[in-house]
2 protein chains.
Amino acid sequence: MRSWIEGANAPECDFPLENLPYGAFRRRGERLRCGVAIGDHVLDLAVLEESGLIHAGGRTAVFAAPHINAFMALGPAAWRRVRARLTDLLAEGGDPSLRGERGMLARALVPLKEVELGLPIKVAGYTDFYASRQHAFNVGTMFRGAGNALPPNWLHIPIGYNGRASTVVVSGTDIRRPLGQRKPPEAAGPVFGPSTRLDFELEMGAVVGVPSRMGEPITVAEADAMIFGYVLLNDWSARDIQAWEYQPLGPFQAKAFATTISPWVVTKAALEPFRVSTPPREKPLLPYLCEPGPLLHDIHLEVALRPAGAERATTIARTNSRHLYYSAAQQLAHHAVGGCRMECGDLLGSGTISGPEKGSFGSLLELAWDGREPVRLATGETRSFLEDGDEVTLRGWAEGEGYRIGFGECTGRVLPAPAERDW
Amino acid sequence: MRSWIEGANAPECDFPLENLPYGAFRRRGERLRCGVAIGDHVLDLAVLEESGLIHAGGRTAVFAAPHINAFMALGPAAWRRVRARLTDLLAEGGDPSLRGERGMLARALVPLKEVELGLPIKVAGYTDFYASRQHAFNVGTMFRGAGNALPPNWLHIPIGYNGRASTVVVSGTDIRRPLGQRKPPEAAGPVFGPSTRLDFELEMGAVVGVPSRMGEPITVAEADAMIFGYVLLNDWSARDIQAWEYQPLGPFQAKAFATTISPWVVTKAALEPFRVSTPPREKPLLPYLCEPGPLLHDIHLEVALRPAGAERATTIARTNSRHLYYSAAQQLAHHAVGGCRMECGDLLGSGTISGPEKGSFGSLLELAWDGREPVRLATGETRSFLEDGDEVTLRGWAEGEGYRIGFGECTGRVLPAPAERDW
């Protein structure tokens, strides 16, 4: 498919006509509103909706809102209708209503470099899972020893925990190094202060569009149908705080200070051609978790790190979301099956995605193996954990024939901890 | 203090003039709005606000909303102003504007038995702590053995985890027995189906009224000032699901199916005369957790259980919130100190409150000691865990001289799990 929008047909463009990811943006002085990325531009859906060029199907307007939740809440039929309509408006040879109207075009099509991007969704709840077998094994080995690395439940349950929705932020937001309690190995008791083992975690995030009802179980197929799309997700982690706090009730303040997501929600529809099956089961799953078909996606993922003042970033990890042992649909089915009501806007982190080789691990903890094998950067520096000023950027894309479905960037820079006089 | 409202001056009334707890209610056919409980009545704050009898101080009306969040968001000065005004309007010898106006009185004062009560707050985030030393010791002994009962961090950190906000429901809501994975001790692998070890947990819930900023630490004194009030909280728990899932990331589906809170938020102001200190520290706390004064409250707590069809409930536990080792202010300070943004409407569960003796334990797991010493009910039946049809009711009050600050009831009835054809 070709678009008449300049730049959308380049083979390395993240946002071709096949993608059409949703986000929130504003021009200077404007309020946030919903848009779709196409080429180097964002299409202002509020303008299109107001002018009658698109109609999502609800009783009221949905795209003038600062998040895409109201649109998601209209459900899969509306998602399909708007995607088909946008494709028609943006395709070469399609409906000329938009490209034929110079005035409309100037109002509706805005260069990406002229806008500020907001959080695409209002996050209802944030849940983080633990679905990469290699990551679970790596971290388990470091925290509990190789003999107890993989917990006995891991091959049976998509293990997860509730995260903190209030600190999910959009790509580009600076991240302050957290304060917290940690217990240095040699110390008799804990100390309080800035984390000294700050890390990133490379994850995918699934966005729930269709809610479930309290007390009513759902199937994996129903869960898949409830998912609106996916984002890149960096689950920033303070490893020293985590090690000291996580028993017996799980990670808490080690993960609560920030979670960054990419500004564009890539729809499930756009990723449909890239479906792949989960890896072979090592133990049979209980029937409620069995997959009706391929539920993962073949998405290339990369992590780049740029120290303060450095001109170029170093790519320190390359992996793929197909390494996950559980799909988002399986995680969501497990989440809801006991009666937990899922909401439009819920965000489900996949868990850190680590492939089988060292260069494919999704956290510094693993890449530098607990500080024992520091990662070398192009600047000549090394890293065991993140330093103040470091900028971490996640990228991801599914590779089609002559096009890619890209996620854009998920980036954040580490700020120093609050000054000691403030605590 | 005496009120001219009938019933508010009875010594065993939960809602005297000294209390004035906030909630949400509706008459038949109406929308939910905010109210205050007084005697056997609820005072319609939306009517008072509309007629100009009270003014919370914001630019727009706050009491016609279905939750008290907008009022809480106005902050402590507004809380004090409205409390003082309501006291004046309701006290014998106070401002006659309300009691002198027959028509107004009929519209604004509604018998409690004629209204339906809603969830008082829109829950932004729900966090559950683990602050009773006896409970942590009891459960730790059962899950990990007496030698590892109290985790090494417990005396240093107010341990907590993020819960699920979407399933916090108001007292009176039926609770469906959850489905989930559990591993019977004798089985080789896990099975899926209804929980067979369903339990309650007696807790207090603190309601955050004033938000904090992302990346900025707060002190314990600031945390105390951020709290609007308190509710009773039943953190329903599926012990079999919990035992199998909770390693290594904490409780998840075992707690996600339901959490019940009482319909009235008792303000911090009403509880001020009942301040008590936390118990002596067994190990010194890090400075960021040290208390500037007495931060707990002396609140009597009871749990009653009524089997299906029984006329009377049996009180199976009596305890007091003064047994908590950490206060809500300490928990909130710990929660926010690493940079986690706290929101207006956040709900913080204290953790199960167990006193030193067996009759003061706050869960069936502890009262029946892991099923080994079943609890005897007045009906002659016994309970190790909850059965379908059981109704659990929490009650709580602070005992003043000639009056009590009551919380009303926090009650819920167990419904059978979904039928097997539905899963």
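Each value, and the rule that gives it
- Residues numbered from 1 in each chain as written.
- Chains lettered and ligands numbered in written order.
- Predicted model: local features only at pLDDT ≥ 70, side-chain atom pairs only at ≥ 80, totals over all residues.
- Heavy atoms only, no water.
- Pairing = 2+ DSSP bridges.
- Helix = DSSP H or I, 4+ residues; strand = E, 2+ residues; numbered from the N terminus.
- Contact = heavy atoms within 4.5 Å.
- Buried area = accessible area lost by both parts, 1.4 Å probe.
- Salt bridge = Lys/Arg side-chain N within 4 Å of Asp/Glu carboxyl O.
- Domains from an automatic or database assignment.
- Polar contact = N/O pair within 3.5 Å; in protein donor to acceptor, adjacent residues only side chain to side chain.
- Nonpolar A, V, L, I, M, F, W, Y, C, P; charged D, E, K, R; others polar.

Peer 1: What exactly am I supposed to notice about the sheet that holds strand 9 (residues 175-176) of chain B here?
Peer 2: In any sheet, the strands associate via hydrogen bonds between backbone groups, in a parallel or an antiparallel arrangement. Residues and elements named next belong to chain B. Strand order in the open sheet formed by five strands is 9-26-25-20-21, with mixed pairing between adjacent strands. In the strand order of this sheet, the two ends are held by strand 9 and strand 21 (314-320), each with one partner. Summarising the sheet, strand 20 (residues 300-306) and strand 21 pair through six bridges and their orientation is antiparallel. Its bridge partner lying in strand 21, Leu305 is registered against Thr314.

Peer 1: Sorry if this is basic, but what is going on with the sheet that holds strand 21 (residues 314-320) of chain A here?
Peer 2: Residues and elements named next belong to chain A. Pairing within the open sheet is mixed, and its five strands lie in the order 9-26-25-20-21. Strand pairing shows two members of the sheet lacking a second neighbour, strand 9 (175-176) and strand 21, which therefore form its edges. Where strand 25 (residues 391-399) meets strand 26 (residues 404-415), eight bridges bridge the pair, whose relative direction is antiparallel. Among the inter-strand pairings, Val392 is bridged to a residue of strand 26, identified as Gly412.

Peer 1: Any chance you could explain the interface of chain A and chain B here in plain terms?
Peer 2: How large an interface is tends to be reported as the accessible area lost when its parts come together. Listed as interface residues are 59 residues of chain A and, on the opposing side, 58 residues of chain B. Roughly 5100 Å² of surface becomes buried between chain A and chain B when both sides are summed, with 64% attributable to carbon and sulfur atoms. The interface formed by chain A and chain B holds two salt bridges in total. At the level of secondary structure, the elements contributing two or more residues to the side of chain A that touches chain B comprise strand 6 (126-129), strand 7 (160-162), strand 10 (179-182), strand 11 (191-194), helix 7 (239-245), helix 8 (253-256) and helix 10 (328-337) of chain A.

Peer 1: Hey, could you run me through the domain arrangement of chain A in this one?
Peer 2: All names here are of chain A. For chain A, the assigned domains read domain 1 (22-118) and domain 2 (126-415). Centre-to-centre separation of domain 1 and domain 2, based on C-alpha positions: 30 Å. Facing 18 residues of domain 1, the contacting portion of domain 2 comprises 17 residues. For the domain 1 face of the interface with domain 2, the top three residues by lost area are Tyr22, Met72 and Trp79, together amounting to 42%. Linking domain 1 with domain 2 are zero salt bridges. In this structure, the connection of domain 1 to domain 2 is made through one residue pair in polar contact (both at pLDDT 80 or more). Mapped onto the side of domain 1 that touches domain 2, the elements with two or more residues apiece are strand 1 (22-26), strand 2 (33-38), helix 2 (69-72), helix 3 (76-90) and strand 5 (116-118). Residues of the side of domain 1 that touches domain 2, tallied by class, amount to 13 nonpolar, four polar and one charged.

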